[in-house]
Amino acid sequence: MDMMARSCLLLNSEALERDIKTSYIMDHMIADAVLTLQEEEKVKAQMTQRERAAMLIKILLAKDNYSYISFYNALLHEGYKDLAALLHKGIPTMSAYNGKSSMDGVTSYVKTVLCEGGVPQRPVVCVTRPNLIKGIQKELYKLKNDPGWVVVYGMAGCGKSVSTAEALRNHKLLEDCFPAGVYWLSVGKQDKSGLLMKLQNLCVRLDQDFTYSQRPPLNIEEAKDRLRLLMLHKYPRSLLVLDDIWDSWVLKAFDNHCQVLITSRDRSVTDSVTGNVYEVSMESGITCEKGLEILSLFVNMKIKDLPEQAHNIVRECKGSPLVVSLIGALLRDFPNRWAYYLRQLQNKQFKRIRKSSSYDYEALDEAMSISVEMLPEDFKDYYKDLSVLQKDVKVPSKVLCILWNMETEEAEDILQEFVNKSLLFCDRNGKSFHYYLHDLQLDFLTEKNRNQLQLEVFKRHTGHNFQMWNTFFFFFQELCALMFSLDWIKAKTELVGPAHLIHEYVEYSHILDEKDTIVRESFQAFLSLNGHLLGRQPFPNIVQLGLCQPECSEVYRQAKLRAQQEVSKGAFYLEWINKKSMQNLYRLVVRPHMDAVYHACFSQDGQRIASCGADKTLQVFKAESGEKLLEVKGHDDEVLCCALSADDRFVATCSADKKVKIWNSITGQLVHLFEEHAEQVNCCQFNNTNCQLLLVTCSNDTFIKLWDLNKKYSRNTMIGHTDAVNHCRFSPNDKYVASFSADGTLRLWEVCSANELKTIDMKDLFRNADEHQDDVEVLVKCCSWSSNCATIMVAAKNKLFLFDVETSDLLAEVLISHHSTIQYCDFCPSNQLVAVALSHYSVEIWNSESFSKVADCRGHMSWVHCVAFSPEGSLFLTSSDDQTIRIWETSKVCKSFAIVLKREIDVVFQGNEVTVLAIDNQKRLQVISGNTSHTVYLTEAQESLICCCCLSEDLQFAACGEENGTVKVFNLSNGRIFKSKACHSKSVQHCQFTSDGHTLISSSDDSTIQMWNWLSEECVLLKGHKEAVKNFRLLENSKLLSWSFDGTIKLWNIITGELEQDLVCHEDAILSCAVSPDAAKFSSTSADKTAKIWSFESSAVIHELRGHEGCVRCCAFSFDNWFLATGDDNGEIRIWNVSRGELLHQCSPVAVDGEPVHGGWVTDLCFSPDSKILVSSGGYLKWWNVDTGESLQTFYTNGTNLKSLCVSPNFKVYVTVDNLGILYVLQKME
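Residues numbered from 1 in each chain as written. Predicted model: local features only at pLDDT ≥ 70, side-chain atom pairs only at ≥ 80, totals over all residues. Heavy atoms only, no water.

As annotated in an unreviewed UniProt entry, the protein carries the name Apoptotic protease-activating factor 1 and is attributed to Sphenodon punctatus. Regarding the protein, the relevant UniProt record gives this comment under Subcellular location (unreviewed entry): "Cytoplasm". Recorded in UniProt for the protein, the comment headed Subunit (unreviewed entry) runs: "Monomer. Oligomerizes upon binding of cytochrome c and dATP." (UniProt positions renumbered as here; feature names shortened; annotations may be inferred.)

**Digging into unusual backbone geometry**
Positioned with a positive phi, Ser933 is a non-glycine residue whose angle comes to about 70°. By the secondary structure assignment, Ser933 is in the loop between β40 (925-929) and β41 (935-938). Given the relative accessible area of 15%, Ser933 is considered buried. Of note in this structure, Glu1017 is not a glycine but carries a positive phi near 65°. Positionally, Glu1017 belongs in the loop between β48 (1008-1013) and β49 (1018-1023). (Helix = DSSP H or I, 4+ residues; strand = E, 2+ residues; numbered from the N terminus. Buried < 20%, exposed > 50% of the residue type's maximum accessible area, 1.4 Å probe, protein only.)

**Here's the deal with the pattern of salt bridges**
Within this structure, the stated rule accounts for 41 salt bridges. Note that Asp513 and Arg520 form a salt bridge whose closest N and O atoms lie 2.9 Å from each other. Looking at Asp513, the relative accessible area reads 26%, which means it is partly exposed. For Arg520, a relative accessible area of 10% corresponds to the buried category. Taken together, the shared-partner salt bridges in this structure form one network comprising Arg215, Glu222 and Arg226. (Salt bridge = Lys/Arg side-chain N within 4 Å of Asp/Glu carboxyl O.)

**A word on the state of the cysteines**
Considering all chains together, one arrives at zero disulfides under this definition. There is no disulfide at Cys641, and the cysteine sulfur nearest it, in Cys684, is 4.1 Å away. Residue Cys641 is classed as buried on the basis of its relative accessible area, which comes to 2%. (Disulfide = S-S within 2.5 Å.)

**Digging into the nonpolar core**
Membership of the largest hydrophobic core comes to 42 residues, with the highest contact counts inside it found for Ile489, Tyr505, Phe523, Ile542, Ile609, Leu877 and Ile885. It is helix α29 (residues 509-534) that contributes the most residues to this core, seven residues altogether. In this view, Tyr505 contacts Met483, Ile489, Leu512, Arg520, Phe523, Gln524 and Leu527; residues no more than four positions away in its chain are not counted. (Core = buried A, V, L, I, M, F, W, Y, C linked by side-chain atoms within 4.5 Å. Contact = heavy atoms within 4.5 Å.)

**A word on the environment of Tyr68**
By secondary structure assignment, the location of Tyr68 is in helix α6 (residues 65-77). Overall, the relative accessible area of 0% leaves Tyr68 in the buried class. As a C-alpha pair, Tyr68 and Ile91 span 23 residues in sequence and 7.3 Å in three-dimensional space.

**What to know about the side chain of Gln619**
Here Gln619 is to be found in strand β13 (residues 618-622). Here Gln619 is in contact with Pro592, His593, Ile609, Ala610, Ser611, Lys628, Leu630 and Glu631, once residues within four sequence places are set aside.

**Description of the confidence of the model for the protein**
For the protein, mean pLDDT is 84; residues scoring 70 or higher make up 88% of the total. The weakest mean pLDDT in the protein belongs to helix α25 (residues 468-471) at 35; the strongest belongs to strand β16 (residues 650-655) at 97. Overall, residues 95-104 carries pLDDT values under 50, and its contacts beyond four positions in sequence, including any with other chains, amount to 15 contacts. Overall, residues 451-475 carries pLDDT values under 50, and its contacts beyond four positions in sequence, including any with other chains, amount to 42 contacts. (pLDDT = per-residue confidence, 0-100.)

**Digging into the sheet that holds strand β63 (residues 1173-1177)**
Reading across the sheet, the four strands line up as β62-β63-β64-β65 and stay open at both edges, with antiparallel pairing between neighbours. Two strands close off the open sheet at either side, each with one partner strand: β62 (1164-1167) and β65 (1191-1195). The average angle at which neighbouring strand axes cross in this sheet is 15°, direction not considered. (Pairing = 2+ DSSP bridges. Axes fitted to C-alpha atoms, helices over the stretch in contact; angles between N-to-C directions.)

**A look at the sheet that holds strand β21 (residues 704-708)**
Reading across from one edge, β19-β20-β21-β22 is the order of the four strands in this open sheet, with antiparallel pairing throughout. Whereas interior strands pair on both sides, the edge strands pair on one side only; in this sheet they are β19 (681-686) and β22 (716-718). Taking each pair of neighbouring strands and ignoring which way they run, the sheet shows an average axis angle of 20°. Pairing of β19 with strand β20 (residues 694-699), which is carried by five bridges, proceeds in the antiparallel orientation. Within β20, the residue paired with Val681 across the bridge is Ser699.

The structure is reproduced here in C-alpha cells:
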C-alpha cells in the first residue's frame, strides 16, 4: 500500500473505529476479493463494535492499494460519506494501462474508474447473466460518438442496477467510449428539493477544484447549467448513470446533450427527453439453475448438496433475483431456516422477508408496493382489479374492456401505462394484445387486496343496485357458473383463502338462490366445514375433499366426475364407501391465527367473533363466514384473553407482556393502555350493561383490578388472593365479580365497593381425611354464572362444582372425566346446558339440572382452551391449540349424542366384503359391515371397559380383552359370551386368534402373554418381560415375537412356552416391530429415536437407523424386502434401503403451516404389494410414491389421532377409526 494511503488510514483510524459497522463493509471487500473469509471470521471474533473495526483496519494496513480502494468504495456505498471524504486524498494513483487484472478479468484501470465514479460494487454473491450484459454494452457503444440515452427497464427486483454496473466492468468499453470516466448517481423517488440536493452533490463531486464556482447551485435550473458546463468541457467523453428514475420531469435536469444511462421501472420515462433513446428490456426472471447458483454461493455449498427446500424456494421466488438474494443473505446468517423462509414465501408473508444488505427497501413488499403507489389515483383501482388474473394465463384486452365497461382503446391506454411501469406484461400477437402479471406481482397483489377481489369488481362496475343484475343477464349466468364450480372454488381459495368466498355465498345468496338454493347451500357448507383445510399450504386436493361430501351434493358430483377423468390418467383418489348422509355438528371452522388460539368470544349481536392467541394478535371476523374484519398486532407477547364490550364498540385484550389494551372494535385504533399489573394479565371481561362500561382484569401478581373506561387509572384493586389469579367474571347483573386463583380459592367481590363478599376454599372439596390443608394443591381454572345469578359453576381439576351464591352451599359436584382435566366451562344463557372443554381435545355438553352428559363434541386436534356460547345460546364456539375456532349449533349437537366407536378395531377382508369388529362407548362389541356401516351383531354391555378386540378368520367368533384382565370369546351367531377367563392381573392391550381360531393369544400391562386354547381350556403363559408388553406378532413354525416397554424383544415357542431368543434392543421402550416377508429379518423402533434391522438367524443388528428427531413409533417392510419405512412422533416418514441401511427419502419433511406433516404422530405404515406405494396414518391418511418420496394423496378425516390402519391384501381398501368414533372404509378409485 502506498505511503500516502497508509498514512491516511492511520491518521483517521480513531474516527473509523468509532463509527463504522464492519459487517456490510466486509461483504463489499469479500466481493472484491481483497478480504478472505478467514480474515472476516477474525474480525467477527472481536467482542465489541470498536474492536472489530480496529481489527479490520489492522488487516487492511497489511494489504495493497486495491484493498484501500475497495474499503473506500465500501464506505461510500454504506452511507459513510464523511469518513470516505477523509480517505479520498489517500486514494492511490493507478495506471490505466498497467495491465494488472483481477481474478475475474476486471483490470485495475476499470476498478479505479468505477470507484472514483461511485459505481456500486458487485454484491457479495453475483451470478452473471452474459446475454443481458452484452445487450447493455451493445447499446452503450451507440453513445461512443454521439450524445443519447440508454434505458434499462424492468420490474422491481429484476436486477437492473446490478446488471448495469456489471456491464460497465469492461476495460475496452470504458477506454473506447468513456475515457473521461463513469459517474453514478442513485436518484430514486424525489421531490424538487430532494432532486436539487442530488444535483448539488453531483456538481461538487465533478468540480472538486471549484473551477466553475465556489458554492453549490441554488436551484435546479442553475444546477442544470452547471452540470452542462462540466459534462461538455471537463468530462466531454464520460457517462452519467442515473439509477432508479421514477419521474420523467427529473430527466429534464440532465437533458444536456451528453451520454446518459438510466435504470427505471417505467419504460416511458424518457418520452419527453431530446436525442436518441436506446432501450434494454430486463427479462422478468432468472432460470432455476441461476437461482440455485445464487443460493449455493450465499450458503457456501455445492448445488448438489443443497437441501430439498432450496428447489422449492427458487420456484416460489418466481425467478426474481432480488427475492433469491434476500433469502440467500438471510440463510447465510440463519442456515437452519430453510423451511421457515420457504413457508413465508408460500404464505405470501413478504413483510417477513426483510433485508440483510444495503438494498433500498426494508422488505420485499415495500419494494413492490412503491410501484403501485406511484400510479395516478384513478389507475390504482384498475390495477387492483388485475387480481382476477390467473397464473400463467394471458388475458385479451377485450376481457378487461367488459370488466371495466369501456372502449377497447381506453382499456388499452390504461394497460399500456401498467406495461410501461413494468407492472404488467404484454404479449403482442399480430393485432391482438394479451396481458399477464409476473407470478410474484400476482402473489403480492392478491395478498395486498385479498378482501377486495373478484365479486367486489362485479359489484363496483355494476353499481350497488343489484336490480341491475337483471339487466346484466350475462353476468348473472357467469356468476352462477363460477360460484357453482369446484374449479372456481379451488382457484379462488388458493388466491384469497376460504373466508372471503364464504362471505360471497352469504352476500349473494339471494341471487344464487334464483338459480338453485340446494346447490348454493351445498357449496357454502363444503367451504364452511373445510375452510381450515383450504386455507393451508400446500393447498389440499379439493377433488378428494369433494369426494367426502354427501352423494346427493353437487360438490360430490363434480368431484366424482373430475376424479374419474384424472384416475384414467394415473391419479390416485379414494371413495369413502361406508359414508352416510352425515350431519356435521359444527357450522363453521376458521383458522384466524398462526399459532394457538387462547380465547374467543361473540359480540352481543352474535354477528362477530373476537379471538386472540400465541401469535400476539387480536382478530375480529364474521361469525357466519369467518371473513376477517380486523387484525391488530398490538402486544409484545402472547395475548391471553379478549373481551367485547356490551355495546360492541370496544374490544379489550390482555397479555403476557403485563399490559391491558382497549381497541376500537371497528377501526382497530388503540383507545386505552393500562399498565398497572406487575406480571402477566390472564383474563379480562367487560360488564354486561351499556350505562357505564367497566372492565375487570386479573394477573399473576395476585391482584384483580376494576377499570372505568373514562379514567386513566384503575378504579379499584381487589386484594386477597395469595397466588396467581387465573380467571375473573362479572355476574350477569353486574353486582359481583368472581375470581379464581392458583391458591385454590374462589372469591366473590362486590362491584360497587370492591369489598370481598365471601371466599370458598376449593381445597376442602379435594382433601382426604388424612391430609392437611397445605398438602392439597387445587388449581381453580374458571367459572360461569347462571343467567339468574343464583348459582355459580366452578371448574377445578376434573370436576364441576355448583354453588349457591347467597348461601355458599355446594349444590352439586360432578365428576366429568377420570382421565382429563377441565380447561374451561360456560353456562348457556338460554337454558340449563353447560359446555365443558377437556384436556383430551374434546368439548362435552352437560345438563346442569340432571347432571347428565348431553353431547360429546370432538374435532379439534389439540387442547381446547376456550368454550363460549353466543348471547342467545343458539351457537357456541371452541378455540384450540390447533389454530382453529369451531362454531357449533347447540340444538344440532344436543340431538346428535349417540353411540361412538373407539379406535381399537379388527378387520377381516373376504373378497369384496369388509367386516369390522369395533368397541363402542357403551362397553359393547359391534360387528359392522364395512360396505354399508350396518351393525350385523351387537353384544350386551360388559361390566369392565373393553381395551382390545379381534375376529376369527372364519367370522364365527369374536374376542375382547378388558381392563380388569379378563379375556372373552363371543359366538357371533347370537352375540353372546361363549367362554370367559381371567387371564391377566392388569389391562389386556392386544388379542389375536390363531389361524384355526382355536387359540386366543393376549398380552397385558402385567408384562405377560397368555396362550389360551378356549376349547380345551389349556393355557400356556409366556412370562419374561419386565414391563408392559407393547404388542406381539405371530410367526410361522409356532413362533411368536413380542416387544415391550422394557426395551427387549423376545422370541417364544408358543407350544412349549419356552423363550428361544431374548434381545436387549433399545435403551428405551420399543414401540413397534415388523417382520420382513422373507422372514429373514425383523425391525424394531423405539422411544430412543432410533430404528434397527435385525437378523433372525444371528440375532444381531444389521443396521442401526438414525436421524429421526422424535420417538420412532411404527415401521413396515416392503413386500419385495427392499425397503423399510419408519414413522415418528414429529410426523416424519423415512424410507430406507434394507440391504445397505441407507436413507432413500424423507417423505415431505417440510412442516405445513408450522404443523407436523401428519398433524401429529405417524401411527401405522403399509406398503402396496408391488412396493411402489406407501400408506401412512396419523392425524389423517397419506399415500406416498416410494420411488420419489412425494405425496400422492391425502385423506382428511373428520377427527384426528388415527391409532391404526387396516389394509386389504390387494391394497385397494383401507379401514380406520378417528377420535370422533367415525369409521372410515375407503376404496381406491379405478
